[in-house]
Amino acid sequence: MSGLTYFGAEAAAELQRWQNNRRKVTFAEALPDGGSGARLAFFYHEGDQAHPQQKLLLKLCADDEGADDEPRDLEEAWHSGPAFHRGARTFTFPERRLIPQVYPPLRVGGTWLMFLEVALDERARHPLVPLATVQRGADKAQVAAAVTDALLSEWNPDPRADHDMAAQSFLRQALGHRADPGSHLARATGQFLGSDLHNTTVELPGWPRPLPNPTPFADPSPLAGLKPPTVALGRAHYDLHPGNIMVAVQPAPAPDSFRLVDLSRFTDSGLLLRDLVHLMLCLICDYLPELGQGARTELTEILLDQDEDTTDPGESLLPAGLLSTLRLLRSAPDSWRRARRYAHPDWHPQYLLALQACALMFLTRRAEPEEQRWFLRLAAGACEAFQLVAVPHHESRTSDPGRQAARSSAPDETTADLPATLAADLERHGEHLRHIGARCADPRFDGVLGDNLRVVVNRCTALVASACDGPMTEATLAFHEQCTQVLQAAHVLGAAQDAPGSRAGAEKEKARGRLVAALGNLLEHPGLRSDARPDPEPEPVSRTVADGPRPRPAPVPRGLDNSRAPRPPGASGITLIDSTHDQGPSESLSADQADGPAADRARIALWGPPRSGKTTYLSALPIAAMQHQRHGKGTWLISGTTAEANTFLNDGVRKLAVERVFPEATLDLKSMGWRFRGLEPLTGRRKGFREARFLLEVQDAPGEKYREADSGAVDQLARSQGLIYLYDQLGDAEAVAPDLASFFSTLNSLYSRVEEFGGHYQGRLPHHLAVCIAKFDDPEVLRPAVEAGWVTQDDHGSRLPRVPGHLTANYFQWLCNDARNPGARMVRDGLETYFHPERVAYYTTSSIGYRLNPHHTFDYRDFANVAELNGSVRISTPPEPVNVLEPLTDLERRIRRTAK
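Residues numbered from 1 in each chain as written. Predicted model: local features only at pLDDT ≥ 70, side-chain atom pairs only at ≥ 80, totals over all residues. Heavy atoms only, no water.

A word on the sheet that holds strand β6 (residues 101-108). Within the open sheet, the 5 strands sit side by side as β1-β2-β3-β7-β6. Their pairing is antiparallel. Looking along the sheet, the strands with just one partner apiece sit at the ends: β1 (24-31) and β6. Taken pair by pair, the neighbouring strands of this sheet meet at an average axis angle of 25°, ignoring direction. Note: β6 against strand β7 (residues 111-117), 5 bridges, orientation antiparallel. From the neighbouring strand, Val108 faces β7, where its bridge partner is Thr111. In the packing of helix α1 (residues 9-18) onto the sheet, contacts are made with β1, β3 (55-60), β6 and β7, and the angle to β6 comes to roughly 130°. Sheet strands touched by helix α2 (residues 70-78): β3, β6 and β7. Its angle to β7, the strand with the most contacts, is close to 40°. (Pairing = 2+ DSSP bridges. Helix = DSSP H or I, 4+ residues; strand = E, 2+ residues; numbered from the N terminus. Axes fitted to C-alpha atoms, helices over the stretch in contact; angles between N-to-C directions. Contact = heavy atoms within 4.5 Å.)

Written as structure tokens, this is what we have:
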């Protein structure tokens, strides 16, 4: 019984009973296990005429969820192919590439001991060995590329496809049991993400911006409502790694000699890209431990790039062997793709989804935390890249051919104006919105009204985000306003649901009618197909809400953390609520309900000299919020305190985004203000969202007539808790003296007046201050900062320049010391004298952003986004504001923390 104990006492006992006078095995040599948990060894074999092999490969299967089926799966793989074609054998992959079982398997505890044939090289001189024993380099890569090609061309000559597989289904199918909430993957990703594990976006260590949550535990998922154009299906190994690939290595590895072992997870209808990507990542792991941070970042970019062969080896941080391996494996499927006319737009999206899934698998297998983080970032990057190439996923529905034909015969001109992607999103969300709208309109469903309103808010917020992703046209702005009206009506109905008092019932019915009307207007948009407009029948209430008393104000925003409504990443945007249309908040809400409790309100004022860019800054706010929230978290809504304020913002967006011209300086902004309402994710261990509120007012009477501190303007500043000061270092030299006089007059008057509104803070003004260094996109501002070493450049995305946050205060000091404007130092000294340093923050701001090259990347040779055309100044490319929204939201957070 010598050597039988290699697999343990229980296996040894079973082998001893299995042996008889006609068969006997003796231990010969152990083999690497490949990391799967299985144990492999060569055994000498004494058999009979039916079993003449002198050596066998014995395998004790891993004791996991796939072990019980491995022998059966191997047999299934042998018989899975199309056996005959016109009477001739055409499917030879099993004989050439798989290893048969010599004897039936032995049951050992909860797993199997399998007797496999030993595969030999072409001349039967040497046994095949696991590819895992081959050193990294060209030989190993060529074998892996040959495996990749054979899996497609030889094992799947009859590929199938699913053209309607949702991206979420793809991810879960690729991950298998790992997608379960109690899986090892859930625990491992939870250690890195904490409370963000279930958020739509996550903030990863070392990554400067939020990314979509790549795990299957996000709720709602960033993949919701998306799909790849098609999914290649067929025979798949589903545990393909170098330990499960046997290859001849004498005198050198022979790519075409390989055989596959361990088919415990074989499936006849698997995701073909999963095997290919998994094998590629296995080979990458040979190099990963020695790569620095810069090289890992470059590796991520190459893996996500559709044109994977464009990297210049002479300029790369990656080892030449790794670059060669990537090119071989990424190009290995090309012959199969060309034969089937499989273009990259159909191939690349499913590749990215497979990359996301496989990166999550490797996260649980690596012991080094930095490598785990890299795989998590790779998965998030793949998810983000997929969103850019995905197509909308529509739930199957039965259409009415007659209605569709009628619609086709009479196209609406407005539909043509609506971008195709936006029209598709409207169609995707429309059916559910109509159904939920019917439930909101029926008092019988008021027990789940809060849940239904959450769905309305999420779906309409997703449509707002979709509108913001495309070009700002008149049709898009009009659609944006329709969604806004629905959002406002949902908030009003949510507040009325909780309102006490004798008039609550009447107000609630009035709010209900308003929501129904707003939804009706949106769903009658010509961009929604007729067959997506069924007349829904109210369905029985399937669940009730029993969460106890709900805190006020309105429940709709607060419940977003429990929503199951699909929402794409960044499905949040700033919404301009025109309170002059239909019914405004004041018609159905009390003052406290309209503005929120006093403790939740923050008042912020905008302050700066004439020509500092206040009008442009305000006009850029909605655009900045749209673009920021696309990659961030939460939802911001703006409502003007007056009709004039709403008109101002709408006109400003149209000027900057559509006409690409600067808005004209406003003659009088003193009376204007805007209410901001936002939902921000809770931090720490708490889940859900916090509702944030603040009021933004403008202090100034632009133009030459304002040089003295007006008493009303000073009162406005004194009432505020936060101030945004726009500092323009390119100001008119002739206006320095009067501007300084106005600046110090305002400060002195404010200091005297503030005692009446709450007192000083440690002898200084109590305000939180955000100093925005304006026009940072101007070459006269940016170039000196770059030359002085203050500026760094992002290593991702558009590679934008920026002054790091911890250096911005020092940069402002340097800027004032070195400024051509002699009044700069006096402005700096005044701000430092009147405001407490711990309540002052600095930002480099641009209302229009930089001109980017055709690849949407910053180019230092040509970044000015302003040009003169026919004697007028124009904005060259669509505005992408920088640090316009952030000063406001940061002020609100600082004010809130101070108030606690």
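Past the structure itself, the notes keep going.
What follows is about the pairing of strand β13 (residues 231-236). Counted residue by residue, β13 has 6 buried out of 6 residues, so it is predominantly covered. Pairing analysis gives 3 bridges linking strand β9 (residues 160-162) to β13, with the strands arranged antiparallel. Paired with Arg160 across the strands is Leu233, a residue of β13. Here 3 bridges tie β13 to strand β16 (residues 267-271), and the two strands are oriented antiparallel to one another. Paired with Gly234 across the two strands is Gly270, which belongs to β16. (Buried < 20%, exposed > 50% of the residue type's maximum accessible area, 1.4 Å probe, protein only.)

A few words on unusual backbone geometry. A cis amide bond, omega 5°, links Asp219 with the succeeding residue Pro220. Counting through the fold element by element, Pro220 comes out in the loop between β11 (211-212) and β12 (226-227). In this structure, the amide linkage connecting Gln250 to the following residue, Pro251, adopts the cis form with an omega of -5°. Backbone geometry at Tyr238 places phi at a positive 70°, although glycine is not the residue there. Relative to the elements of secondary structure, Tyr238 occurs in the loop between β13 and β14 (245-247). Positioned with a positive phi, Arg341 is a non-glycine residue whose angle comes to about 55°. Structurally, Arg341 can be placed in the loop between α10 (334-339) and α11 (344-363).

At a minimum axis distance of 10 Å, the contact between helix α8 (residues 293-304) and helix α12 (residues 369-389) shows a crossing angle of 30°. Considered as vectors, α8 and α12 are oriented roughly parallel to each other. In the packing of α8 onto α12, the handedness of the crossing is right-handed. On the side of α8, the interface is formed by Gln293, Arg296, Leu299, Thr300, Leu303 and Leu304, while α12 contributes Glu370, Glu371, Trp374, Arg377, Leu378, Gly381 and Ala382. (Parallel < 35°, antiparallel > 145°, perpendicular 65-115°, else oblique. Left-handed = near helix turned anticlockwise from the far one by under 90°.)

With that settled, the discussion passes to the state of the cysteines. Overall, the coordinates contain 0 disulfides when judged by the stated rule. In this structure Cys358 is a free cysteine whose sulfur lies 8.6 Å from that of Cys282, the closest cysteine sulfur available. (Disulfide = S-S within 2.5 Å.)

Attention shifts here to the packing of α11 against α12. In contact at an axis separation of 8 Å, α11 and α12 are set at 160° when each is read in the N-to-C sense. Here α11 lies roughly antiparallel to α12, going by the angle between them. Crossing geometry of α11 relative to α12 is assigned as left-handed. Touching Pro349, Leu352, Leu353, Leu355, Gln356, Ala359, Leu360, Phe362 and Leu363 of α11 are Gln372, Phe375, Leu376, Leu378, Ala379, Ala382, Cys383, Ala385, Phe386 and Val389, all from α12. Here the residues of the contact of α11 with α12 sort into 17 nonpolar, 2 polar and no charged. (Nonpolar A, V, L, I, M, F, W, Y, C, P; charged D, E, K, R; others polar.)

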